[in-house]
Amino acid sequence: MLIERKWKKWLYFYLPMAVFILFTLFPFYWMAVTALRPDHELYRTWRQASATPFWTLEPTLEHFRGLLQTTAFPKWLWNTMLIALVSTVISLICGMFAGYALARLKFRGSEFLGTAIFVTYLVPQTLLFIPLADIIRDLHLGNTPWALMLTYPTFLIPFCTWLLMGYFKTIPKELEECARIDGATRFGAMVRIIFPVAIPGILSAGIFAFTLSWNEFIYALIFMSSADLKTVPVGVVSELIRGDIFFWGQLMAGALLGSIPVALVYSFFVEYYVTGLTGSVKG
Amino acid sequence: MGAGSAAGAALPAEHVRVSRLTRLLESEKLLASVLLVPGLAILLIFIAYPFVMALWYSLTSIRVGDPGQFVGLANFTKAWNDTIFQTAFKNTVFYTFWATIFKLALGMWLALLLNRTFRFKRIIRASMLLPFIVPTVLSAFAWRWMFDPTFSVMNWVLYHSGVITDRLPFLSDGDWAMWCAVLVNTWRGMPFFAITLLAGLQTISPDLHEAAALDGANAWNRFWHVTWPLLLPVTLVVVVFSVIQTFSDFQLIYVLTGGGPANSTHLIATYAYQVGVASGLLGEGAALSLFMFPVLFAVVWIQLRFMKRMEGA
C-alpha cells in the first residue's frame, strides 16, 4: 500500500529530509570551518566577495594550538569529564536503588514518594541558584569540584529513578522469585538478577545523565571561580572573550573539542539510548 | 552485603551479624527506606532546602554581605512594576510558546520521516541528535557567530544571492533577536522531540495503518486519526518537559544576546541572574526567579492529573 511514485517520494521524503539535515548540521559544519580558517579569511565582512565562502584553501591548526597552549582548555576538559562521570555514577546508584524500591517494594507512601521525586525533576536550576550558592559556600564546597558533583545529581536522580523504575517494571517478577527460592536475599536478587538484566536501561540513563552534566552551565558558572577549576562551557564563555573581543577561531575550536567527547559517547550508545527510551515510553 | 554471607561462613560472629542484617533487609519497608535514603538526602539538601530558602530570601532585602531584613512582598511588587521584568516575562512566554510549537511540529515531521526505511538510516538518525547532545553554550556560540552583525554567513549568502540589499539585524534588534532565540531553541530541542516521538511511533502496529488505508483513509487522515491519538501520551510528556526547560532557560539567551540590546531580550532566568548574581541583590533575584514557579506548578499539575487519568483508564 505504501508504493509511491518517484516524484512523490522526492517531494515528501528526500526534499524535507535534506532540509532537515542541512538545518541540523550546518552550524557544526560552520563551527569546523571557522576553527580551521586563518584569521585574515575569518574576518571578511558580509559584503566582501569570496571565491571560497564555505571552505578554506589554507586550513590551519593555529586556533587549536592557541586554545591548547594559551588557555586552560585541557584542564577544563578534564574537569568536565571528571565531574560528569562522578555525578553520573552517584545519580545512577541512587536512581537504581530508588527506582527498584519504587517499582518492586510495597511500603506506605511509595506513590507519594514517586510523585515527589518526579516533581523535583521539574524544578529548574534557575529557580534555585541564588540560595544554593549560599548553601554551597556554607558547606565549604565553593570552588571545589564537589560543589558540582553533589548538585548535578539533583536534576539527574529524578530522571534516572523514573527511567529505571519504568524499566524495572518491565522485567518479569518470576526472575526474582526464582532467585529467592534458590536462597538469594532480596538485596542479592536485586543486585545480581535485576540490575544485570536492566543494563540497557541503566546505560541509557547513564548516557543521558552524562550529557546533561556535560551541558550544565548555570551552577558551574556560579559555583566555580578559579580559571583552573572551570568546566568547558563556562571556561569558553568566560576566558575566550576578553573584554568585548571574541576570539572566534579559538571559540569555535573550543566548541568543537568540547562537543566531541559527548558526541562520541552518544554515537557508541545511540542504539541503547533509543531502546532504553522505548522501554520507558512503553512502561 | 550479599557477598558478605559467603565470606562470613568462616567467622561465626561475623556470620551472625551479617545474617541479622540480611534478615532485616528482607523486610520490604526497611529495605525500601535504605534504598531511598541516598537519593532523597541529596534531593532534600540541594532542592527542598534551597527552595525554602528562596522563599525566605524573596521576602527579605538580603544582598551579598548583608543579611537584610524582612520586607514582606516588596520584592515582588517591585518586580511587578519593573518594566525590564515585564519585558522579560513577556519574552519568556513568547519564547516558550513559539519554540514549543515549532519543536513539536518539526519534531513530529522529522520523526515520521525517520520512521521510514531508507539508506544510511542509522547514521542519519544518530547525527540528527547532535544539536540536542552538544552543550547548548557551545552551539549557541556557533549561532551567535552566524548571526554576527559584520561577519554573518547568512547575511553573506542572502546578499550575494540578491535576496537582501542591506544586512539583517539578527541580534541587534530586540524583536529579531527573540525570533533568533526561538530558532536556535527549536534547532536544539527538535531532535529530542523527534527521537522520543520516533520511539513512540515504533510501538504503533503497522496493521492499524493498513486497516485505515483499506478503509480509504489518505495519509493525512491516517496521521490524524491513527497516529496522533496513539502518540498523545508520549507527546504530552515531551511537551511538558520541553515547556519547563524552555520556560526556565538561561544559557541560550546568556550566550546569544546576554539580555541585550538594551535589556530587550531578557528571560526571567537571565534577568534574575543579572539582578541576583551580577548586582548581588539576592532577595530581589530570588523573588524574580520565583515568578517562574506558578507557571511551572500549573504545568506539573496538569501533567500529574493527566498521568493519573491515564493510569485510571
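Sequence order sets the numbering: in each chain, residues are counted from 1 along the sequence as written. Chain letters start at A and ligand numbers start at 1, both assigned in the order the entries are written. Owing to the predicted nature of the model, reporting of local features is limited to residues with pLDDT of at least 70; listing and counting of side-chain atom pairs is limited to 80 or more, with chain, interface and lining totals taken over all residues.

Once that is clear, we can look at the domain arrangement of chain A. Many descriptions give the size of an interface as the accessible area lost when the pieces come together. Residue and element names in this part refer to chain A. Assigned domains within chain A: domain 1 (1-36) and domain 2 (64-282). A domain assignment, automatic or from a database, supplies the domain bounds used here. Of note, the centres of domain 1 and domain 2, computed from C-alpha atoms alone, are 32 Å apart. Think of it as three bins: nonpolar holds Ala, Val, Leu, Ile, Met, Phe, Trp, Tyr, Cys and Pro, charged holds Asp, Glu, Lys and Arg, and polar takes everything else, Gly as well. Considering only residue class, the side of domain 1 that touches domain 2 consists of three nonpolar, one polar and no charged.

Lines fitted to the C-alpha atoms define the axes, with helices restricted to the stretch that makes contact. Angles between their N-to-C directions range from 0 to 180 degrees. Under the scheme used here, helices are H or I runs from DSSP no shorter than 4 residues and strands are E runs no shorter than 2 residues, and both carry numbers assigned from the N terminus. As a packed pair, helix α7 (residues 145-169) of chain A and helix α3 (residues 28-58) of chain B sit with axes 9 Å apart at the nearest point and diverge in direction by 130 degrees. As the angle between them shows, α7 of chain A and α3 of chain B are arranged oblique. Remark: the crossing between α7 of chain A and α3 of chain B carries left-handed chirality. In this structure, α7 of chain A contributes Leu150, Thr151, Pro153, Thr154, Ile157 and Thr161 of chain A to the contact, and α3 of chain B contributes Gly39, Ile42, Leu43, Phe46 and Ile47 of chain B. Here is the rule for angles: anything less than 35 degrees is roughly parallel, anything more than 145 is roughly antiparallel, 65 through 115 is roughly perpendicular, and the remaining ranges are oblique. Should the near helix be turned anticlockwise from the far one by less than a right angle, the crossing is termed left-handed; should it be turned clockwise, right-handed. Working definition of a contact: two residues with C-beta atoms, positioned from the backbone, lying within 7 Å.

A few words now on unusual backbone geometry. Most peptide bonds adopt trans geometry, and most residues besides glycine take a negative phi value. Residue Pro261 of chain B follows Gly260 of chain B across a cis peptide bond; omega there is -5 degrees. The topology assignment puts Pro261 of chain B in the loop between α13 (251-256) and α14 (268-278). The phi torsion at Asn143 of chain A lies on the positive side, around 60 degrees, for a residue other than glycine. For Asn143 of chain A, the location among the structural elements is in the loop between α6 (125-138) and α7.

Bringing the interface of chain A and chain B into the picture now. Each side of the interface is counted separately: chain A has 81 residues, and chain B has 82 residues. Ranked by the residues each element gives to the side of chain A that touches chain B, the list is headed by helix α13 (residues 248-282) of chain A, at 16 residues. Here the side of chain A that touches chain B is composed, by residue class, of 58 nonpolar, 18 polar and five charged.

On to the environment of Tyr57 of chain B, then. Note that Tyr57 of chain B resides in helix α3. For Tyr57 of chain B, a count of 25 C-beta atoms within 10 Å gives the class buried. Residues in contact with Tyr57 of chain B, not counting those within four places in the same chain, are Ile130 and Pro131 of chain A together with Ile62, Leu282, Gly283 and Ala286 of chain B. Exposure in this text rests on C-beta crowding, where 20 or more other C-beta atoms within 10 Å of a residue's own make it buried, 12 or fewer make it exposed, and counts in between make it partly exposed. The C-beta atoms are placed from the backbone.

With that settled, consider the domain arrangement of chain B. Per the domain assignment, the segments of chain B are domain 1 (4-44) and domain 2 (74-312). On a C-alpha basis, the centres of domain 1 of chain B and domain 2 of chain B stand 45 Å from each other.

Ranked by size, the top nonpolar core spans 160 residues in total, and within it Leu164 and Met252 of chain A together with Ala181, Ala194, Leu256 and Ile268 of chain B carry the most contacts. Among the elements that line this core, the one with the most residues is α7 of chain A, at 15 residues. In contact with Leu256 of chain B, other than residues within four places in its own chain, are Ala140, Trp143, Arg144, Leu171, Cys180, Ala181 and Val184 of chain B. For this entry, the nonpolar core is defined as buried Ala, Val, Leu, Ile, Met, Phe, Trp, Tyr and Cys residues connected by C-beta atoms within 7 Å.

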